[in-house]
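Structure assessment
Residues per chain, in single letters:
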Amino acid sequence: MNMRIRSHGPLRRLAAIALLIGTVAACGGNDPDSATPTSPPDVSTGDTTEVTEPPVFTNAPTTTNAEVLPVSGGSLIVALQGESSGYNPTVDAWADGGHNVARAIFDPLATFDASGKVVPYLAESIEGNADATVWTIKVRPGVTFHDGTPLNAEAVRLNFEANKNSPQFGSQLALLASMNVVDDVTLELTMSQPWGTFPNVLLGNIGSQIGYMAAPAMLASADGGRNPIGTGPFSFKEWVPDDHLTVVRNDSYWQDPAYLDEVVFRPIPDSTSRKAAMDAGDVDVYYTGSSKDIQEYQALQEAGEVGVTIGAPSEGDMVMLNTKKAPLDDVRVRRALAMSVDIPRLFDFLDATGVKQPTHGPYADSSFWYVESNYPDYDVAGAKALIDEYVAEKGPVEFDFAGNQDPFIVSIQELYQSMWSEIGVTANIVSRAQGENISAVIGGDFQVVLWGGVGGGDPDNDYVDFHSNTGQNFSGFNTPEMDAALDAGRALSDPEARKEQYAIVQQILGDNVPIIWTGTNQFGVITKANVQGMPDFDLPDGTPGEPISGPLFFLKDVWLAQ
């Protein structure tokens, strides 16, 4: 068995714990420095998105040190929250499970460093000109895909072209006007207007898959999504849908090869079954947004029985309303639904009191980007009055309330259902498989749904969720004033000037309530005691990166203690 030593960043102190109740999630920073600086943007210096404090991580009981050295070998079994339709990053929309597989097979062009800044990863540098209308990406020389073909500027161009032509992700590159392959490692991208936050789309996060680089042969294959080819630390071996997907170590990886021989990903949609599989020792890694479960595992960690790794905070919990469908097309109904949600009662149910922060919009009250708006306060009597007024004019308020099939998610839906019944509203719970639920939302075939992936970071990350011209504004709500503010915020570089534009967006959202916001959240990754290195994600220069973003994690530096 081979043994090798690798440097790792120091452990961080324990962060607050929270819960995601939607079907997808994402992550980002809240610092004013998350805006593109007034000087020419240059991601090669890490001069972009940043969080207010460095993310906080904890490790398994036995940590990497001089006495316990990382060793190569072994197989890791990872429990996923759900199955994916395929693994073509330009075609198949992924929830957290898909991204966790993707982070093993593919590499993103950019990622977060330990402080939450966007920095180049597969790219060597990502630089913008003075007005952020031209961006230049240089890829690292000598990197190859798993099929042996080189990662070069043309391969990056083909990936961007495939994304631009994608019904799912084309809107995210709507400002990309032209591309020019300057040389073998240099791609120049010209935008139709200033785009100061362009590097944010290259991270590979929920809702944004453009940064993942797939082999040209995979992109050209109609069956590419079932046979993924990337540059990542593991290469694809086999996939039996709804049972397992296996990847094996890429010994030709452009960084140090991974420690693990293989990783087996197992989709287990039911949260109770996932936890049971972890507790029974049937899986090695399990991630959860349940505050109660994380607290339970932290007690076990103190006894040395498991490892708990807390990731950087992700976006908040939310309920999305389809403003194109009655009765949600009436702002009185939407405001009444928000006014009847008792946040303390919800937090008590989630065992999150004292660890989750209530939210009144897409950004936490502690965020630099937050501004106070007319988002409704809790007021059952006021909510009932609005519903009574609507009923007198148009009839009873009844709608379908969708979530996935996880019993825990259903129990949360039942709590909302109970609170809404108190104001005379009937919510019919609909439970669908995760993939079906996502497809229904994308197709506009829903009324009310537990959701996620919006807010929490740089406001430009939410451009596609709020702008009218993206195809991903699933709530269907927008105004010309919101579009103008979102466009202006995207083009500006000064943080305070950007905040003025996003204040307009928050005021409009607060008045019209297309989304019910509840609280911040955070994920924990639970591992067997012998699983090491979960918080030790090294960047190519050896400095620490952010290993866990919401429910998404990297596995290249994970190893098994013998």
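This text goes with the structure placed above it.
This report concerns the structure included in the present document. (Residues numbered from 1 in each chain as written. Predicted model: local features only at pLDDT ≥ 70, side-chain atom pairs only at ≥ 80, totals over all residues. Heavy atoms only, no water.)

To continue, consider the overall build of the chain. Helices and strands together make up the secondary structure of the chain, namely 13 helices and 22 strands. With 562 residues in all, the chain has 61% of them scored as buried. When contacts within the chain are restricted to residue pairs at least 6 apart in sequence, those whose partners lie at least 24 apart make up 73%. Carbon and sulfur atoms form 50% of the exposed surface of the chain, whose accessible area is close to 19100 Å². (Helix = DSSP H or I, 4+ residues; strand = E, 2+ residues; numbered from the N terminus. Buried < 20%, exposed > 50% of the residue type's maximum accessible area, 1.4 Å probe, protein only. Contact = heavy atoms within 4.5 Å. Areas by Shrake-Rupley, 256 points an atom, 1.4 Å probe, with all protein chains shown as cover.)

Between side chains of opposite charge, a pair can form as their charged atoms come close. Enumeration according to the criterion identifies 17 salt bridges in this entry. The shortest N-O distance in the salt bridge between Arg-332 and Glu-389 comes to 2.8 Å. With Arg-332 in helix H6 (residues 331-339) and Glu-389 in helix H8 (residues 380-394), the pair connects residues that are 57 residues apart, well separated along the chain. The class for Arg-332 is buried, based on a relative accessible area of 14%. Residue Glu-389 is classed as partly exposed on the basis of its relative accessible area, which comes to 39%. Of the charged contacts in the structure, one is a salt bridge between Arg-498 and Asp-458, with a shortest N-O distance of 2.8 Å. Of this pair, Arg-498 sits in helix H13 (residues 495-512) while Asp-458 sits in the loop between strand S16 (448-451) and helix H11 (463-466), placing them 40 residues apart in sequence. Bridged by salt links that share partners, the residues Asp-330, Arg-332, Glu-389, Glu-393 and Lys-394 form one connected network. (Salt bridge = Lys/Arg side-chain N within 4 Å of Asp/Glu carboxyl O.)

The next subject is helix H5 (residues 291-302). Here H5 spans 17 Å end to end across twelve residues, near enough to the 16 Å set by a 1.5 Å rise per residue. Residues of H5 that are buried make contact with helix H4 (271-279), strand S11 (285-288), strand S12 (306-310) and strand S18 (524-528). (Expected span 1.5 Å × (residues − 1).)

If you look at soluble globular proteins, the nonpolar side chains tend to sit buried side by side. Grouped together as the largest cluster of nonpolar side chains are 66 residues, with contacts concentrated most on Leu-76, Ile-137, Phe-160, Phe-198, Leu-202, Phe-265 and Leu-555. Contacts of Leu-76, omitting those with residues within four sequence positions, involve Leu-260, Glu-262, Val-263, Val-264, Asp-284, Val-285, Val-531, Leu-555, Val-558 and Leu-560. In terms of nonpolar packing, the next biggest core, distinct from the first, is built from 62 residues, Leu-415, Val-425, Val-448 and Val-454 among them. (Core = buried A, V, L, I, M, F, W, Y, C linked by side-chain atoms within 4.5 Å.)

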